[in-house]
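Chain and residue survey
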Amino acid sequence: MKIQVDMDLCESHGQCVFAAPAIFSFDDDDNLVHAETADESLRDAVEKAAAACPVRAIRIEAATGDAAA
Amino acid sequence: MSARFDEHGILVVGASLAGLRACAALRKHGYDGRLTVIGDEPHLPYDRPPLSKEFLAGGTDGADLPLPVAGLGITWQLGRRATRLHLAARTVEVDDGTRFPFDGLVIATGSTARPWPAAPAGVHTLRGLDDARSLRAALRRDGRLLVIGAGFVGSEVAATARGAGVDVTVVDPAPQPLHRAVGEAAGEFVAALHRQAGVDLRTSTKVVSLEGVRKLTGARLSDGTEVPATAAVVALGSAPATGWLAGSGLDITAGVRCDRHARVLRRDGTPAPGVVAAGDVTRWPHPWADAPGVTLGHWSHAAEQAETAAHSLLFPGAPASYRPVPSFWSDQYDVKFRSVGLPALADSADVREYDLGARRLDVAYFRQGRLIGALTGNRVARIAAYRAQLAADLEGR
């Protein structure tokens, strides 16, 4: 799956980092960094991260490009 | 294993984040029956955190506030206030006397702001969209705001109003803002932010009376001084919205009492069949808190507990457990405060960074020597590390 984060919306709440630390993290300057693709085995954690984002900045897309969340 | 709701379906009382998230979780778990939501506001669910920040500042017209409700198949009963729960008859009565029957019930009525008794016109509380709209209009009209209470809502409103050029006085009986929630050092940091921004901050002071025959003109304070004000915000905390549950047989002492599965308990301590609750309205057990548990008004808490509630309602034989690392945020001036754990329950704190010039703060909180929470300002990477440590502690309990 593909993961997109709208950095204009992101306010560094950190909820995605809590929910899926293998995908989302902060760098030393407190900027959010994330993997752009993830194995399907991590879907549950990534969906939790998207749901936990208070500003709804995270989108998950299937490999075909269909929006899934 | 799953419960049956064939006749009347599931009724959700409360049309805010917790109620909506409960609906989404019910559908996600495959519930395809009737789903009805009662809300006392005329609005569909919307996002509340911007009400004390961007929305109040006028930086948004509110078009970004609505929460997504499409595809959930909800029958909305908006502008209707629940007034009574008849548990044995399994109905909820609303203000015009209509009774809504249910097979399953989700209680998500949130909390209400503590009002100022007999206030003149111009005195506001800030919980809902309509409150924020009228306060925003008042701040545009005239420019002397009194904020009563320097908790999170009061501090955010003060910061937002000051940013919009409004003259602001903040009055709080505690020695620092946010004293009860995050302690002395963090409170002093916030006090310094207010004072640097030109807020007239009066701590260890109470508002004795609000002046003005029909319209607010000012306030008299406990130190004998008077402050002029054309608008005031009463930010003295909130109380769980449980009035409609009086006499229902449920335990509503300081919130709707739940077990760790978000099942609602009756006064005899046993779960009421088919009744769950989520969000600000609940009091629930947490491994870090003494009995009878905690009440939280955090965004994340409302969202997460609603998932547990939905699961427990659908699968009563295998209820989910809710043991979160709580977290909240508060944006004030140019500082992003982020918190994890339960700092309000700490008995000591370790200030690891306090740099007002760089706008950075890092405080760790302990209870009986064990880490119980953390608060940072503009240090989000550190909050993630604290969160991981707290999650590991919970795993071991």
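The rules behind these values
Residues numbered from 1 in each chain as written. Chains lettered and ligands numbered in written order. Predicted model: local features only at pLDDT ≥ 70, side-chain atom pairs only at ≥ 80, totals over all residues. Heavy atoms only, no water. UniProt positions renumbered as here; feature names shortened; annotations may be inferred. Pairing = 2+ DSSP bridges. Helix = DSSP H or I, 4+ residues; strand = E, 2+ residues; numbered from the N terminus. Buried < 20%, exposed > 50% of the residue type's maximum accessible area, 1.4 Å probe, protein only. Contact = heavy atoms within 4.5 Å.

Identification of chain B as NADPH-dependent 2,4-dienoyl-CoA reductase/sulfur reductase-like enzyme from Amycolatopsis viridis is taken from an unreviewed UniProt entry. Under the heading Cofactor (unreviewed entry), UniProt records this for chain B: "FAD".

As recorded by an unreviewed UniProt entry, chain A carries the name Ferredoxin and is attributed to Amycolatopsis viridis. Comment text from UniProt for chain A, heading Cofactor (unreviewed entry), reads "[3Fe-4S] cluster". UniProt's Function (unreviewed entry) comment on chain A is quoted here verbatim: "Ferredoxins are iron-sulfur proteins that transfer electrons in a wide variety of metabolic reactions."

As a further point, take the pairing of strand E14 (residues 218–221) of chain B. All names here are of chain B. As paired elements, strand E13 (residues 207–211) and E14 share 4 bridges and run antiparallel to each other. Bridged to Glu211 within E14 is Gly218. The hairpin turn running from E13 into E14, its antiparallel successor, is 6 residues long, and Gly212 in that turn takes a positive phi close to 125 degrees. Relative to strand E15 (residues 226–228), E14 runs antiparallel, the two sharing 3 bridges. Looking at the pairing, Ala219 lines up with Val227 of E15. A loop of 4 residues connects E14 with E15, the two strands running antiparallel in sequence, and Gly224 in this loop sits at a positive phi of about 90 degrees.

Turning to the environment of Ala254 of chain B, a few remarks are in order. Residues and elements named next belong to chain B. On the secondary structure map, Ala254 appears in the loop between strand E17 (238–240) and strand E18 (256–257). Residue Ala254 is classed as partly exposed on the basis of its relative accessible area, which comes to 43%. Discounting residues that sit within four places of it in the chain, Ala254 has contacts with Pro240, Arg283 and Thr295.

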